[in-house]
Amino acid sequence: MYKSIDYKFTISLMFNTLFLIFFLYLIIKVITVDNDEFKNITLFPQGKVNDTSLLLNLSNYDTLALDNFPFKVYLEKANLQESKDLNHDLINLQEITKNDFLSNNVFIKALTSELYPKIWSTNLDTINQIANWVDKLDFKDNSVKESIEIYWYNQITNHLSAEAKKQPNSKYGFKYRYLAQRCIQKKYFPNTGNSTFEKVLLNIIDQRWLYMLKRFWYSTPWICKIFILLIAASLSLLSFFGIKYLKSHNLKSLLKIKSND
Amino acid sequence: MIRKILFTMGICSIFSLHLDAQTYNPQHVKVSSVTDANYPYKVIYMDRGLSGKKIKAKYFAAKDYNGTSVPNRFLNWSQDKNLICVTSGTYMSKYDPIIALPVGLTVDNGVVVNKNIADFDGLVIVYATGGVVATNLEDKNLKVQGGSISGIPLDLKGNSYHLSKFLEWCEENEATVFQTHLLAYNDILKISPYNSSPKSRERRFLAVGYDEDKNVVHCIVHSEEHTTLYEGSKKVLSFLNGFKDMEVIWMINLDTGAQNTFKLFDENGTVDERIKGTIPIDKAINLLVYYYQ
């Protein structure tokens with residue numbers, strides 16, 4: 001009789017251990033999510049005076065081409081924090097070149113790909129400050145603002161997509177969700193995707209059993225198939241003999257033994 | 001004699017009724033099962049050139065401004081259309097149809113859905129006239145007609161000013177645009193085993209090119225054999241070049257993963273079961289439709 005109780009106990013212990021491991025895994029995943037608030041980061045030096053003399057000197061250029069604009073010097077001298085000063089620079093540039101298309105292109109390049117190595121970081125606090133800076137920009141020519149926004153929000157969205165792919169857990173963090181929402185509001189959709197675990201859960205919810213079976217069959221190596229089939233066979237055998245045992249010894253006698261213990 | 005005339009008239013009327021019932025000309029749209037190099041394919045061969053551009057495409061990317069879902073938009077639109085096939089198009093961000101959105105730059109009938117330029121090289125433009133054009137974004141020479149950017153080579157990935165102007169053009173011209181994997185371009189395979197998914201699954205491809213008579217043909221190739229994206233693309237490109245004598249201008253992937261929607265109709269408008277998806281249309285997240293008009 002003791003033997004039979006051990007047998008039952010082993011099965012329940014096995015299932016409880018599996019459940020506990022799964023539960024602990026979920027708790028660890030939830031605890032390790034970064035839920036800190038944003039830190040204040042300074043993107044550009046504060047209180048800088050905008051030096052427009054550089055732009056005035058540009059009038060010496062016979063033709064201003066996209067590649068010969070002194071981007072490095074301009075980014076050092078300009079007060080990038082102030083939208084008003086930047087707007088002033090753009091108007092100056094347009095007056096000098098008498099070519100709005102070229103001026104806009106030069107100006108956008110300066111504030112996007114040329115500025116990128118100076119301010120970009122994968123740190124979400126910095127990324128949030130970049131989004132704040134972009135949102136505050138205001139130009140008379142709306143296509144300039146739109147282009148700068150497209151560049152930076154694409155960088156942010158692509159970073160969020162890559163991060164979700166690399167570390168699926170990161171997308172549940174506060175900073176990530178906040179930035180993703182900011183992007184979505186402006187119609188930039190990060191491809192947060194679903195991890196394999198999430199896909200399995202969603203397929204179970206949708207009851208797509210045949211699809212899951214097909215995916216399992218075609219996507220797993222033979223060794224994995226054999227391992228899973230062995231587990232399934234063991235569980236089936238355990239259930240079969242367990243039910244057979246319970247049928248041969250009625251429940252009342254089992255309870256009696258237990259109460260005697 | 002009168003009996004003979006009446007009989008002939010009857011036959012003619014039945015035949016004309018049958019012709020009236022036809023939703024498309026079977027000479028222009030051919031569905032076949034083919035085996036090439038031991039790989040079985042099911043092919044929908046649509047000769048747009050021969051049909052006098054009666055074969056047209058329409059793409060539904062997202063809910064409209066009223067919040068009408070893609071399946072409902074499709075149902076409303078398709079009431080008076082002669083459908084050839086309906087398929088899921090590009091990749092989606094989520095499984096859930098309520099929150100899922102197309103991955104990469106997407107514009108639906110002039111409405112900007114997603115401004116994010118993804119890594120994919122293929123940009124597909126579906127015109128209001130039913131024509132479909134794909135461009136390789138890596139070439140940096142997308143040219144559109146009309147508006148302030150008419151004829152200017154655009155670099156959408158590298159120049160945000162070009163992208164903003166292109167989005168303006170899409171709104172003005174009510175264009176439909178989506179981004180996807182460009183598998184082949186100008187008869188050359190664009191993907192390799194290193195830059196594509198190693199997962200094996202059934203595959204579906206859309207190729208557009210020229211037939212032997214230089215007519216524009218659109219071809220959907222369905223491969224039930226499970227292959228990686230690279231293997232599948234390579235075999236299908238070789239099949240189209242060799243077996244079908246087709247000069248492939250571009251070939252893209254149609255999603256057969258989590259949103260495997262596909263419905264084929266025969267020339268009488270009834271559902272053809274030879275190719276079918278696993279997800280019903282009412283759960284589709286985006287739809288590319290071929291119709292005859």
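An unreviewed UniProt entry lists chain B under the name Phosphodiester glycosidase domain-containing protein, with Dokdonia pacifica given as the organism.

### Quick look at the overall build of chain B
Scanning chain B from terminus to terminus reveals 4 helices and 17 strands. Counting the 293 residues in chain B, one finds 56% classified as buried. Of the contacts made within chain B by residues no fewer than 6 positions apart, 68% connect residues no fewer than 24 positions apart. Put simply, chain B shows about 13,100 Å² of open surface, and 52% of that area lies on carbon and sulfur atoms.

### A word on helix α5 (residues 100–111) of chain A
An ideal rise of 1.5 Å per residue puts 16 Å on 12 residues; α5 of chain A measures up with 16 Å between its terminal C-alpha atoms. If you check which residues of α5 of chain A are buried, you get S103, N104, N105, V106, F107, I108, A110 and L111 of chain A. Along its buried surface, α5 of chain A packs onto α3 (71–77), α4 (83–97), α7 (124–136) and α8 (142–166) of chain A together with α3 (160–173) of chain B. Regarding α5 of chain A, its N-cap is N99 of chain A, as a side-chain oxygen of that residue lies 3.3 Å from the backbone nitrogen of F101 of chain A further along.

### Observations regarding the interface of chain A and chain B
On the side of chain B, 29 residues touch chain A, which itself brings 31 residues to the contact. Taken as a group, K187, F189 and R215 of chain A account for 20% of the area that chain A buries against chain B, more than any other trio of residues on that side. Summed over the shared surface of chain A and chain B, the number is 2 salt bridges. We note a salt bridge from E146 of chain A to K115 of chain B, for which the minimum N-O separation is 3.5 Å. On inspection of chain A and its partner chain B, the count reaches 12 residue pairs in polar contact (both at pLDDT 80 or more). Elements that contribute at least two residues to the side of chain A that touches chain B include exactly α5, α8, α10 (196–205) and α11 (209–219) of chain A. At 9 residues, the largest contribution of residues to the side of chain A that touches chain B is made by α8 of chain A. The class makeup of the residues in the side of chain A that touches chain B is 9 nonpolar, 14 polar and 8 charged.

### Section: the UniProt feature "transmembrane region" (unreviewed entry) in chain A
Look at the UniProt record and you will see "transmembrane region" (unreviewed entry) annotated at residues 7–28 and 226–246 of chain A. Taken end to end, residues 226–246 of chain A is 100% helix and 0% strand, and its two terminal C-alpha atoms sit 30 Å from one another.

### Notes on the pattern of salt bridges
Should the charged atoms of two oppositely charged side chains come close, the side chains can pair. Residues and elements named next belong to chain B. Scanning all chains against the criterion turns up 17 salt bridges over all chains. As a salt-bridge pair, K42 and E224 come within 3.2 Å of each other at their nearest N and O atoms. Of this pair, K42 sits in strand β2 (residues 39–47) while E224 sits in strand β13 (residues 216–227), and the two are 182 residues apart along the sequence. With a relative accessible area of 45%, E224 lands in the partly exposed category.

### Things to note about unusual backbone geometry
Residues and elements named next belong to chain B. In the Ramachandran plot, N38 falls in the positive-phi region, its phi being about 70° despite a non-glycine side chain. You can see N38 is positioned in the loop between β1 (29–36) and β2. For N38, a relative accessible area of 73% puts it in the exposed group. Positive phi, close to 65°, is recorded for K214, a residue that is not glycine. Inspection of the secondary structure assignment puts K214 in the loop between β12 (201–210) and β13. A relative accessible area of 53% places K214 in the exposed class.

### Describing the pairing of strand β16 (residues 271–276) of chain B
Residue and element names in this part refer to chain B. In the sheet, strand β15 (residues 262–265) pairs with β16 via 3 bridges, with the strands oriented antiparallel. Bridging from a neighbouring strand, K263 pairs with K276 of β16. A loop of 5 residues connects β15 with β16, the two strands running antiparallel in sequence, and G269 in this loop sits at a positive phi of about 90°.

### As for the sheet that holds β2 of chain B
Strand pairing in a sheet relies on backbone hydrogen bonds, with the paired strands running either antiparallel or parallel. Residues and elements named next belong to chain B. Here we have 7 strands laid out as an open sheet, ordered β1-β2-β13-β12-β14-β10-β11, and antiparallel in their pairing. Of all the strands in the sheet, the pair left with one neighbour each is β1 and β11 (188–189). Pairing geometry for β12 and β13, over 9 bridges, is antiparallel. By the bridge assignment, R201 is partnered in β13 with T227. The sheet contacts of helix α4 (residues 229–242) involve β1, β2, β10 (182–185), β11, β12, β13 and β14 (247–254), and relative to β14 the element is tilted by about 145°.

### What to know about the environment of D80 of chain B
All names here are of chain B. Turning to its location among the elements, D80 is positioned in the loop between α2 (70–77) and β4 (82–87). The spatial distance from the C-alpha of D80 to the C-alpha of Q293 is 9.9 Å, given a sequence separation of 213 residues. In terms of polar contacts, D80 uses its side chain to reach the side chain of K81, at 3.2 Å.

### Quick look at the nonpolar core
Within the largest apolar cluster, 61 residues are counted, with the highest numbers of intra-cluster contacts made by W133 and W152 of chain A together with L156 and F166 of chain B. Those elements giving two or more residues to this core turn out to be α3, α4, α5, α7, α8 and α9 (174–185) of chain A together with β7 (122–126) and α3 of chain B. No other element matches α8 of chain A, which puts 9 residues into this core. Once you skip the residues sitting within four places of it in the chain, F166 of chain B turns out to touch L105, L123, I125, L142, V144, I149, L154, L156 and V177 of chain B. One finds A57, L182, I252 and L264 of chain B within the second-largest nonpolar core, a separate group that totals 30 residues.

### Some words on the sheet that holds strand β17 (residues 287–292) of chain B
Residue and element names in this part refer to chain B. Read across the sheet, 5 strands follow the order β3-β17-β4-β15-β16 without closing on themselves; strand pairing throughout is antiparallel. With one partner strand each, in any of the chains shown, β3 (55–60) and β16 form the two edges of the open sheet. Each strand of the sheet is rotated relative to its neighbour by a mean of 30°, with strand direction disregarded. Where β4 and β15 come together, 3 bridges link them in antiparallel fashion. Looking across to β15, one finds that C85 is bridged to L264.

### Section: the packing of α7 of chain A against α9 of chain A
All names here are of chain A. Here α7 crosses α9 at 25°, and the two axes come no closer than 10 Å. With respect to α9, the axis of α7 lies roughly parallel. Of the two elements, α7 crosses α9, and the hand of that crossing is left-handed. Between α7 and α9, the contacting residues are L124, D125, I127, N128, A131, N132 and D135 on the first element and K175, Y176, Y178, L179 and R182 on the second. Each residue belonging to the contact of α7 with α9 can be placed in one class, and the counts come to 6 nonpolar, 2 polar and 4 charged.

Rules used throughout
Residues numbered from 1 in each chain as written. Chains lettered and ligands numbered in written order. Predicted model: local features only at pLDDT ≥ 70, side-chain atom pairs only at ≥ 80, totals over all residues. Heavy atoms only, no water. Helix = DSSP H or I, 4+ residues; strand = E, 2+ residues; numbered from the N terminus. Buried < 20%, exposed > 50% of the residue type's maximum accessible area, 1.4 Å probe, protein only. Contact = heavy atoms within 4.5 Å. Areas by Shrake-Rupley, 256 points an atom, 1.4 Å probe, with all protein chains shown as cover. Expected span 1.5 Å × (residues − 1). Polar contact = N/O pair within 3.5 Å; in protein donor to acceptor, adjacent residues only side chain to side chain. Buried area = accessible area lost by both parts, 1.4 Å probe. Salt bridge = Lys/Arg side-chain N within 4 Å of Asp/Glu carboxyl O. Nonpolar A, V, L, I, M, F, W, Y, C, P; charged D, E, K, R; others polar. UniProt positions renumbered as here; feature names shortened; annotations may be inferred. Pairing = 2+ DSSP bridges. Axes fitted to C-alpha atoms, helices over the stretch in contact; angles between N-to-C directions. Core = buried A, V, L, I, M, F, W, Y, C linked by side-chain atoms within 4.5 Å. Parallel < 35°, antiparallel > 145°, perpendicular 65-115°, else oblique. Left-handed = near helix turned anticlockwise from the far one by under 90°.

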